[in-house]
Amino acid sequence: MPRAGLTADRLVAAAADLADEVGFDGVTVSALARRFGVKDASLYSHVRGLKDLRTRLALLAGGEMIDRIAAAVAGRAGKDALAAFADAYREYALTHPGRYAATQIPVDQELVADAPALRRTAEITYGMLRAYGLEEPDLTDAVRLLRSTFHGYCALEAGGGFGAPRDVRRSWDKAIDALHIALTHWPRET
């Protein structure tokens, strides 16, 4: 019988908080059970195991992140939308490191197909890039460029990987300028 007050949603929210506190790798069924003062077995009526818990956490974090990005890009286009998208991405990655790490794990493609937040991520991202006149397969290539640039930058920044005295924000802004130029002059697939 499920313990009173425990739900899958409550467990996933607690796992998200735990991830931000101790890192994504520190999110385990045992750690979560300790947080609620219950035995590990009590959680299995709500989540199927660690993989299920982490997948749910990834979907929650992805939803939070795209909600922030969508609010930032609303009513914007072109470089203005790109900069707003990038800034919201960076802010989420740096202020919620454990949640952000969860968004980087591979998830079962069947779950992705049914996840409204991930569909919304594709809609917002592709919509922003269509302002640059991109269509498939160039859209997919551009998404990969943005994701790898944003993720790499955020990972380096969070890890203290930028040691030069130049202000990190100024370098970020230059990266967005460079991405805008690349997207504007995209080498079209023929």
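Residues numbered from 1 in each chain as written. Predicted model: local features only at pLDDT ≥ 70, side-chain atom pairs only at ≥ 80, totals over all residues. Heavy atoms only, no water.

K.L.:
Any chance you could explain the pattern of salt bridges here in plain terms?
P.N.:
Counted under the stated rule, the structure contains 13 salt bridges. In this structure, E64 engages R99 in a salt bridge whose closest nitrogen and oxygen atoms are separated by 3.0 Å. Linking E64 in helix α3 (residues 50-73) with R99 in helix α5 (residues 97-102), this pair joins segments that are 35 residues apart in sequence. Taken together, the shared-partner salt bridges in this structure form one network comprising D17, D20, E64 and R99. (Salt bridge = Lys/Arg side-chain N within 4 Å of Asp/Glu carboxyl O. Helix = DSSP H or I, 4+ residues; strand = E, 2+ residues; numbered from the N terminus.)

K.L.:
Explain the side chain of R54 here, please?
P.N.:
Its location among the elements puts R54 in helix α3. Look at R54: it is buried, it has no salt bridge, and the nearest opposite charge is D25 at 4.8 Å. With residues up to four places along the chain from it excluded, the contact list for R54 reads F24, D25, V27 and I105. (Buried < 20%, exposed > 50% of the residue type's maximum accessible area, 1.4 Å probe, protein only. Lys, Arg positive; Asp, Glu negative; His and termini not counted. Contact = heavy atoms within 4.5 Å.)

K.L.:
Can you walk me through unusual backbone geometry in this structure?
P.N.:
Glycine aside, the phi torsion of most residues is negative, and most peptide linkages are trans. Omega for the peptide link from E136 to P137 comes to 0 degrees, which places this bond in the cis form. Here P137 lies in the loop between α7 (116-130) and α8 (138-158).

K.L.:
Explain the packing of aromatic side chains here, please?
P.N.:
Aromatic ring pairs are reported here in terms of the distance separating the ring centres and the angle at which the planes meet. Applying the stated criterion across every chain yields a total of six aromatic pairs. Seen in terms of ring centroids, F150 and W172 are 5.8 Å apart; in terms of plane orientation they differ by 45 degrees. Their pairing is tilted. On the criterion of sequence distance, the pair formed by F150 in helix α8 and W172 in helix α9 (residues 168-184) is long-range, its members being 22 residues apart. Considered together, F150 and W172 belong to a single accessibility category, that of buried residues. The structure contains a cluster of three or more aromatic residues connected by ring pairs, namely F85, Y89, Y100, F150, Y153, F162 and W172. (Phe/Tyr/Trp six-rings, centres within 6.5 Å; stacked < 30°, edge-to-face > 60°.)

K.L.:
Can you walk me through the environment of T140 in this structure?
P.N.:
When you line up the elements, T140 lands in helix α8. Between the C-alpha atom of T140 and that of W172, which follows or precedes it by 32 residues, the distance is 23 Å. Side-chain polar atoms of T140 contact the side chain of Y126, separated by 3.4 Å. (Polar contact = N/O pair within 3.5 Å; in protein donor to acceptor, adjacent residues only side chain to side chain.)

K.L.:
I tried to follow the nonpolar core on my own but got confused; where do I start?
P.N.:
In globular proteins that are soluble, nonpolar side chains generally tend to be buried together. The biggest cluster of nonpolar side chains holds 33 residues, and the ones touching the most others in it are I69, L82, L129, F150 and L183. Top element by residues in this core is helix α4 (residues 78-95). It accounts for nine residues. For L129, the residues in contact, after removing those within four places along its chain, are L134, L139, A142, V143, L146 and L183. Counting residues in each nonpolar core, the second largest holds 23 residues, with L11, A16, V27 and L43 among its members. (Core = buried A, V, L, I, M, F, W, Y, C linked by side-chain atoms within 4.5 Å.)

K.L.:
Looking at this structure, how should I read α9?
P.N.:
An α-helical turn contains 3.6 residues, so any two residues separated by three or four positions project in the same direction. Relative to the 24 Å expected for 17 residues at 1.5 Å per residue, α9 spans 24 Å between its end C-alpha atoms, a close match to the ideal helical length. Residues W172, I176, L179 and L183 constitute the buried set of α9. The buried side chains of α9 occupy one side of the element, clustering within an arc of 60 degrees when seen end-on. In this structure, α9 carries R170, K174 and I181 as exposed residues pointing more than 90 degrees from its buried face. (Expected span 1.5 Å × (residues − 1). Arc of directions from axis to C-beta.)

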